[in-house]
Amino acid sequence: MAGVAGGGGGGGGNDFQWCFSQVKGAIDEDVAEADIISTVEFNYSGDLLATGDKGGRVVIFQREQENKSRPHSRGEYNVYSTFQSHEPEFDYLKSLEIEEKINKIRWLPQQNAAHFLLSTNDKTIKLWKISERDKRAEGYNLKDEDGRLRDPFRITSLRVPILKPMDLMVEASPRRIFANAHTYHINSISVNSDHETYLSADDLRINLWHLEITDRSFNIVDIKPANMEELTEVITAAEFHPHHCNVFVYSSSKGTIRLCDMRSSALCDRHSKFFEEPEDPSSRSFFSEIISSISDVKFSHSGRYMMTRDYLSVKVWDLNMENRPVETYQVHEYLRSKLCSLYENDCIFDKFECCWNGSDSAIMTGSYNNFFRMFDRNTRRDITLEASRESSKPRAILKPRKVCTGGKRKKDEISVDSLDFNKKILHTAWHPTENIIAVAATNNLYIFQDKIN
Amino acid sequence: MLAKGVKRPRGEMEGGDPEPRDPSAAPASSLFNISMVKLHQSLRHVEPNLRHLVLVANTLRRMQDQMQREAGGPMAPDSPEAPSVGDDLLLSAMDSSISTILEDLGQVEVLSPARPEEEQPLAGASGARQEPARTSAPCLGPLELLSSASYLLEDSLEDIFEDIDTSMYDCDLWSPTSLSGFKAFSGAEDSDSKALAGAEDRLDMSDLDYLMDVLVGGHPPGAHRGRSIS
């Protein structure tokens, strides 16, 4: 059965199939809230895969070197480092607890042996350095091997400490803490292509930071109205352009995207481009605005397109055309008739993310029932797959899933009413160059790879 | 004009069809109630999820627009004028309540954890920060409407909430600043605005149930049946 060609590696456009590779996380039916994965991100090379969870922890997986004796099996991802990034905080002034949930992780491009990433909760962004230590110094003059200070009178000669190999230790240390700049909840961070600055966006404001400076940030977008009673729109996501360091976009709860150029003015309240698709009057309902609210925006690697995710669809926009998207993909159109129930149980407010493959030929996003969808932009083929323990045998090929929208349900199809809306796939990531994907299903992380026929 | 006391059901009053004229109006009322509940639940948090709040508030406004259009639209020829006037006033009262709810969010800025002297350079030209002693001028608009509406509805707005235990609002957590605007007005508006706009709102389920029943049109005495919400 044909899958969606990622084309990220070599053979682009060939039909291939997705196989199960690994799953991380507890198997328990009882899911601890703190273990729920809230963000997934590959680094620039794809060798590292980071996850953040509701408990404020970051787990980084590293891809093992390819095994020469089994050339057809790709390297596995194993735990490289685990650390507590954010702790719950108590704001005494407002008498409220600030959640430690990691909202986003973004890697910095690697510049030396160490790895750097930014992680953020609702209020504070932190820059973490992850470094390896495989040597230690022995033969100190002033202290013993176990660290106790030596009696100075006992020291009769000086020696030069020597480096000795030790078991590899991976250390994570917070290098910068960027705090107190956001009144509202941070939803996005994005590293600039200049590798020196980054932006952080909350519901009403976007700030620009320099990675070296923590006590100041520059406010570049502010949509807070003078009277809060006039508030009708919030910022939902923001991202820097991958190549033009002066350009960024931000999306809103009204389904619009604004592209801003920081060269035009210091406060980018006036956009350079405004992307909005006119509403289809035939499908207008009470929920039109809610389902048009954009939950994620991602530039293509090429920088020529951007993709937005709203509740029912994914849209690809050409940056040169503001009045409508160039491509629209329906993720789960069968939910349109269920919007009322989904509003009642708040599912309609779920924020799904989306991602591009390395060559921008395919896009992926999640859905309910642990389903996730992939769309091939060239062949226009789409596929629905499921992240489940049942299909978790090593290198087992994933079977395409189908939702029955009405009429007779075929064997292997699942009806809309049987979908489990508690099993939502909000976070997915695609390896930057290869056909390897990471899918977060509540507290489990699934890794799938292609199997070239 | 409505007589004070027992509120008669809409169908009875207009002498018309108690069934909703428009099939979609029936679900609209329950959606309206659900939305109001969501709004209250959102406001229970000291820092509500702003996206959720704004989307629900906008949806409520949309429903309200629809109801206003229906109220002003094709009506039974023998229906008295007073209900539609009252409808409009109740609807605009609802609208102003939504606005007032959002207005309270302006206080979030004042209570921000950022130190004031840091907030300025950090946030650049940040939006208008509310003075701690908020003057009543900006909020006079929506609440004034309520006070002028009440004489027409003859304290019926107050009746909606009279059975709700307001002792929970006499709470130390209320900062005096957020109430200063409300203090300018009479008792009728106070309980109404507190009930609808309370950021510290902790209506428990039984009170909410009662409120919903009243709004939907379940209960008699003391209750002002929400006749505009069909």
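The name an unreviewed UniProt entry assigns to chain B is SERTA domain-containing protein, from the organism Gopherus evgoodei.

Per an unreviewed UniProt entry, chain A goes by Serine/threonine-protein phosphatase 2A 55 kDa regulatory subunit B and derives from Gopherus evgoodei. The UniProt entry for chain A carries the following text under Sequence similarities (unreviewed entry): "Belongs to the phosphatase 2A regulatory subunit B family."

Caption draft 1: Local environment of the sheet that holds strand β15 (residues 218-222) of chain A. Residue and element names in this part refer to chain A. In spatial order, the strands read β12-β13-β14-β15; together these four strands make up an open sheet with antiparallel pairing. Whereas interior strands pair on both sides, the edge strands pair on one side only; in this sheet they are β12 (188-191) and β15. With strand direction ignored, the average angle separating the axes of adjacent strands in the sheet is 20°. Pairing between β12 and strand β13 (residues 197-201): four bridges, direction antiparallel. Each bridged residue has a counterpart across the sheet, and for V191 the counterpart in β13 is Y198.

Caption draft 2: Just the pattern of salt bridges, in detail. Residue and element names in this part refer to chain A. If you walk through the whole model with that rule in mind, you get 33 salt bridges over all chains. In this structure, D146 engages R148 in a salt bridge whose closest nitrogen and oxygen atoms are separated by 3.6 Å. Looking at D146, the relative accessible area reads 55%, which means it is exposed. On the basis of relative accessible area, R148 is assigned to the exposed category, the value being 56%. Residues R205 and D222 are paired through a salt bridge, measuring 3.1 Å at the closest nitrogen-oxygen approach. Of this pair, R205 sits in strand β14 (residues 205-210) while D222 is found in strand β15, placing the two residues 17 residues apart along the sequence. The two residues R205 and D222 agree in class, both being buried. Three or more residues joined by partner-sharing salt bridges are found here, namely D35, D53 and R57.

Caption draft 3: Just the pairing of strand β22 (residues 313-318) of chain A, in detail. Residue and element names in this part refer to chain A. Within β22, six of the six residues are buried, which leaves it mostly tucked inside the rest of the structure. Residues S313, K315 and W317 line one face of β22 and the alternating positions V314, V316 and D318 line the opposite face, and both faces are buried. Pairing of strand β21 (residues 305-309) with β22, which is carried by five bridges, proceeds in the antiparallel orientation. Within β22, the position partnered with T308 by the bridge is K315. In sequence, β21 turns back onto β22 through a hairpin of three residues.

Caption draft 4: Inspection of unusual backbone geometry at higher detail. Residue and element names in this part refer to chain A. With a phi angle near 65°, R380 is a residue other than glycine that sits in the positive phi range. Within the secondary structure layout, R380 lies in the loop between β26 (371-376) and β27 (382-386). A residue is classified by how much of its surface remains accessible, and R380, at 49% relative accessible area, is partly exposed. At R395, a residue that is not glycine, the phi angle is positive and equals roughly 60°. Note on placement: R395 falls in the loop between β27 and β28 (402-404). On the accessibility criterion, R395 (54% relative accessible area) is exposed.

How each quantity is defined
- Residues numbered from 1 in each chain as written.
- Chains lettered and ligands numbered in written order.
- Predicted model: local features only at pLDDT ≥ 70, side-chain atom pairs only at ≥ 80, totals over all residues.
- Heavy atoms only, no water.
- UniProt positions renumbered as here; feature names shortened; annotations may be inferred.
- Pairing = 2+ DSSP bridges.
- Helix = DSSP H or I, 4+ residues; strand = E, 2+ residues; numbered from the N terminus.
- Axes fitted to C-alpha atoms, helices over the stretch in contact; angles between N-to-C directions.
- Salt bridge = Lys/Arg side-chain N within 4 Å of Asp/Glu carboxyl O.
- Buried < 20%, exposed > 50% of the residue type's maximum accessible area, 1.4 Å probe, protein only.

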